[in-house]
Every structure is written in structure tokens, then in C-alpha cells.
Amino acid sequence: MIKAKNVYIGFGKAAKTLAFRQAQRGESVVVIEESDQMYGGTCINIACIPSKLLYELSDKPQVGGLKDNYKMAITKKRSVIGKLRYSNFHKLADQKTVKVLNGSASFIDQHTLNVKYLNGATEEVVGERIFINTGATSTIPDIPGLKESSRTVTSTDLLDQDHFPQSLAIIGGGYIGMEFATTYSQFGSKVTMINRNAEFMRGMDQDVSQAVKQNFDKAGIEVLQSAEVIRVQDQGSHAVLTVASDGSESQIMVDMILVATGRKPNIQGLNLEQAGIRYTEAGVAVDDHLRTNVQNIWAMGDVRGGAQFTFLSLDDYRIVYNQLYASGTKTTEEQVIVPKTIFLMPPLSQIGMSEREALDKKIEYRTGKVAVAGMPKAHILGHPNGFYKVLIDKEDHILGATIYAPEAHEIINIISLAMHANLPYQMLRDQIYSHPTMAEGLNDLFETIGMN
Ligand SMILES: Cc1cc2nc3c(=O)[nH]c(=O)nc-3n(C[C@H](O)[C@H](O)[C@H](O)COP(=O)(O)OP(=O)(O)OC[C@H]3O[C@@H](n4cnc5c(N)ncnc54)[C@H](O)[C@@H]3O)c2cc1C
Ligand SMILES: NC(=O)c1ccc[n+]([C@@H]2O[C@H](COP(=O)([O-])OP(=O)(O)OC[C@H]3O[C@@H](n4cnc5c(N)ncnc54)[C@H](O)[C@@H]3O)[C@@H](O)[C@H]2O)c1
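Residues numbered from 1 in each chain as written. Chains lettered and ligands numbered in written order. Predicted model: local features only at pLDDT ≥ 70, side-chain atom pairs only at ≥ 80, totals over all residues.

K.L.:
Can you walk me through the UniProt feature "domain: Pyridine nucleotide-disulphide oxidoreductase dimerisation" (unreviewed entry) in the protein chain in this structure?
P.N.:
The positions that UniProt labels "domain: Pyridine nucleotide-disulphide oxidoreductase dimerisation" (unreviewed entry) are, in the present scheme, residues 338-443. Secondary structure across residues 338-443 divides into 31% helix and 25% strand, with the first and last C-alpha atoms of the span separated by 22 Å. (UniProt positions renumbered as here; feature names shortened; annotations may be inferred. Helix = DSSP H or I, 4+ residues; strand = E, 2+ residues; numbered from the N terminus.)

Listed below in C-alpha cells is the structure:
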């Protein structure tokens, strides 16, 4: 039996950050991770980092044919991820008070876990505090033949494929669907996205979804709307999808099918009942301090349900740290206005209120909008298209912004800071920015307030 003050199930973003801080305080820590290929968690091994690396590499083809470019990108991805996994592992495992166990954990009672190692051996781990940080896994819908098809892949599988998919069907039009459509079409795949919604990018302002759709059209990405896959059958080295749309059926033959229909929290197999922990299918139930109903157990990151982002998992660490070692005032309520990016080409970043939302809520606003075509840095970067758009309230504060432009994922953080500091928009309008940058586009954006 192993005993520790702090025991973690899962080596995710929140866990590794909080565990490291506790080790620095001299507290004993055990981190239990079921896969030795997942030290550091989902983001660095099978999600954000590999997908963004391939996204960047697909936009900067090396010398050689399509297949060579793809092959080089996969090789580079493996090397980068391997290094990150190694450094993540050692950052924790090399601490004097930390033990990392490579096994799968489940509850025996509210302080005791059973750890099952790969060789079948088991061991009990007792924790004064227990933190659940087990993340989420891709769901595969119940479509006849889909699970059985040898051509079906999840994002995890596709990010580590030696075989380049010449043609790729993507089921789902959310984050993963949109991002992988972009990356694989840049690599040269013929991509068909099958979206069950009638609207492309449901809920977005129309000018945003139209601009993205135009770029998808230019890239040759086909998007089927109001479409449902009703059957999948393997045919030689391909799969045939039967798709129902507008009352008729059609067939698509592809090399691979990416299922991107959402990810469900990893609660199965944890035996949460043994510890009396409340949960639903949406995840482990927590309050706004991330406490479960059992006083010594917390849940952080994707497993607690709600939005699934690495930056939220990191903020979950801050909430629990603040509770254990500081004022305890930090809660999930602060996680509302956060910058989000879909890594399209160019990337699409948003924060706060959209124009559609402001209209629905009858909130008074003025808009500013400026085209990226007029920004010199966008020409240097080779993607002079898209726009910056912002909504301002009566008191000159920013209600929300959309940046559809190269470097959008960086620019949005400036706007986020201004929103959280409650700065009047004139501060960003009159700021001196370095040149040539995409940030200087903010001068022009805020000059257009009320002119649209
Ligand atoms: C393809 C893809 C791209 C993404 N891109 C982005 C992005 O660009 N930006 C962004 O912010 N977010 C992105 N996300 C979301 C982001 O990856 C997740 O929100 C984040 O990684 C969740 O981290 P976590 O802290 O919840 O735990 P995770 O990092 O998921 O860690 C959970 C760990 O627990 C382990 N585990 C599970 N069950 C057990 C058990 N019983 N015993 C022991 N160990 C267990 C798992 O092996 C895993 O290592 C992306 C997701 C995907 C799938
Ligand atoms: N850049 C980023 O921050 C980033 C990138 C990738 C993933 N992520 C995170 O990972 C999560 C999971 O990504 P995701 O794209 O799998 O989920 P998602 O929730 O973003 O999108 C799922 C899509 O699948 C559709 N869908 C669901 N069931 C379907 C079915 N049976 N047939 C057809 N379509 C169906 C939904 O309507 C939705 O459009 C995201 O919600 C996001 O939080 C973030």
C-alpha cells in the first residue's frame, strides 16, 4: 500500500500543474496515469499540440510530393511529442516527494484507490485528498457499420497515421471537424464534411460563417448540411458512406472516415459509486469550487463536464490551489469570458458576445470592423484575408470580438486583457504597437467604431 497527502487519477493539465506546486511545498504526491504514452495528458500527446503542429506544417509544404510532406510532418510530430512527454514526465517524477504510477485507478472507498498495472498486478493507494483528472474520450455514434469499418478513425488515430488519407470524410462540424478539414485539405486530402445541422457553423454571426465557408469552398472542402450518415460499408481499401440529406440518399467513397462528434468524460471504470461520488453522463458533479459531494475529492478538467479546453483545465488548477492554500474566493464563475480559437486558415478567434447574441438579448451596441487585406503583416504571412470585428457598449467597453485573421489566436489575448481590465476601447485604438504586426490592426479596428 502507498500513502500520500495528494493522489491524482490522470496526468492531465490540471493535475500536473497542481501536483508540481504541491511538490514544491514539500507535500507528498502520487500521480496515477494509465498509459505511458500519455504522461502530460491529452493536450500534448493526442490533441492540441500534435494537431496544431500538423496544422502549421500542412500550411508550409516542404520540398517533395504531398505524401512526402505528410510523412515528414508525422515524423516531426512524433519527435516533438516524444520530447514533450519525456519532459512532462520528468518534471513531476524527478521531484523528491512525487511518485508516478503507470496503472489504471478505480475507487475502493473515499480515500482508497485500486491501481491495476499493465502486468495485471494491483496495489492500493490511500490519499488524504484525491483529485480526479481523467479527461475525455471520442464518442462514436451508433451508425450501422461505422464502428466495424477498418477505415474509421478518431482524432487520436488520425494524428498518428502513417497512411496518408487521399480522401477523408469527416462526421461532425465542431472544433475537431473544422480544424481537421483545414489541416488535411492543406496536406492535399479531398475532404468531405458531413454536418447534421442545417446551418454551417451554427450560432455564429452570418458574416463570420460566410467568410469561413468561402475559404472552405476555395480550399475545395465540401460541406454537406442537414446530412446524416446512415450506413458505412467497407469496399476493398475504401469505405462507402450512405448519406441521407433533403429526403434523398447519396454515397461517398473515401479512404478514411474521421469521427468528430464530441468527446465524453472518462468516468467509466472509476467506480465512483464506491466512494459515493455523484456524477451524471455529463461528468463528475462539482460545485463552483470544483469540490465533489465528498469532502476530500475534487474533479478538474474535461471529466467534470462542460466546455473542454486546456486553458480551462489549467484554470481549474488555479481554483483548487486558491482553495487549498489561499483565500478560496476563486471559482468557475470567472471562466465565462475566455478567448477561444478554431484553428482554421486563417484561425478564427472569439471572445465575449457575438452580434447575434447582442441582438437576441436586445443589448445596445456599436460595431467596428476592418478587413485584414489592408494589414501589411497579413501579406507577409501569406494570408491577407479575413477581418477584425468588435462590439462596444454604451460606456465604451468591449462586449465581444471576432478575429478571423492570421495570428488571431495571439491578437484575441490583447482584447481579452482589455475586457478583463475593463479598459475603454480608446486605449487599444491609441496604443503604439510594434510594426509590422497583426496587433497594429487594432489601431484601425477601433477607429471604425460606429462607422459601420
Ligand atoms: C484533437 C484535439 C485538439 C484539441 N485542441 C485544443 C486546443 O487547441 N486548445 C485547447 O484549449 N483545447 C484543445 N483540445 C481540448 C483539450 O485537449 C482538453 O480539454 C484537455 O486536454 C483536457 O485536459 P484534462 O486536464 O481534462 O485531462 P487530460 O489531459 O485529458 O488527462 C487525462 C489523463 O487521465 C488518464 N486517465 C484516464 N482514466 C484514467 C484512470 N482510470 N486511471 C489513470 N489514468 C487515467 C488519461 O490517460 C489522460 O492522460 C483538443 C482536444 C482534441 C481531442
Ligand atoms: N482549438 C480548440 O480549442 C479545440 C480543438 C479541438 C477540440 N477542442 C475541444 O474538444 C471538444 C471535442 O471536439 P469535437 O469536435 O469532437 O466536438 P464538438 O462538440 O465541438 O462538435 C461535435 C459536432 O458533432 C456533431 N454531431 C454529434 N453527433 C453527431 C452525429 N451522430 N452525426 C453527425 N454529427 C454529429 C455536433 O452537432 C457537433 O457539430 C470540443 O468541444 C472542444 O472543446 C478544442
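K.L.:
When you look at the site of ligand 1 in this model, what are you seeing that I'm missing?
P.N.:
Around ligand 1 there are 36 residues in total, and Gly10, Gly12, Gly41, Gly135 and Gly301 lie nearest to it. Counting only elements with at least two residues in the shell around ligand 1, the list comes to helix H1 (13-24), strand S2 (29-33), helix H2 (42-46), helix H3 (48-58), strand S3 (98-107) and helix H8 (310-325). By residue class, the composition of the shell around ligand 1 is 14 nonpolar, 17 polar and five charged. (Near = placed C-beta within 6 Å. Nonpolar A, V, L, I, M, F, W, Y, C, P; charged D, E, K, R; others polar.)

K.L.:
Help me understand the site of ligand 2, please; the structure alone is not making it clear to me.
P.N.:
Inspection of the region around ligand 2 gives 21 residues, with Pro141, Gly172, Gly174, Ile176 and Thr261 positioned closest. At four residues, helix H6 (residues 175-187) tops the list of elements feeding residues into the shell around ligand 2. When grouped by side-chain class, the residues that make up the shell around ligand 2 number nine nonpolar, nine polar and three charged.

K.L.:
Teacher, can you tell me more about the packing of H1 against H8 here?
P.N.:
Between two packed helices, the angle of one axis relative to the other and the distance separating the axes together describe the packing. Between H1 and H8, whose axes approach to 8 Å, the crossing angle comes to 35 degrees. Considering only the axes of H1 and H8, their crossing is right-handed. Touching Lys13, Ala14, Thr17, Leu18 and Arg21 of H1 are Thr310, Ser313, Leu314, Asp316, Tyr317, Val320 and Tyr321, all from H8. (Axes fitted to C-alpha atoms, helices over the stretch in contact; angles between N-to-C directions. Left-handed = near helix turned anticlockwise from the far one by under 90°. Contact = placed C-beta atoms within 7 Å.)

K.L.:
Would you explain the pairing of strand S23 (residues 398-404) in this entry?
P.N.:
Residues in a regular strand point their side chains to alternate faces of the sheet. Burial analysis of S23 places seven of its seven residues in the buried class, which makes it a mostly covered element. Strand direction decides the pairing type here: strand S20 (residues 348-352) and S23, joined by five bridges, are antiparallel. Bridge pairing links Ile351 to Ala401 in S23. The turn joining strand S22 (residues 387-392) and S23, which pair antiparallel and follow one another in sequence, is formed by five residues; a positive phi near 75 degrees is taken by Asp396. (Buried ≥ 20, exposed ≤ 12 C-beta atoms within 10 Å, placed from the backbone. Pairing = 2+ DSSP bridges.)

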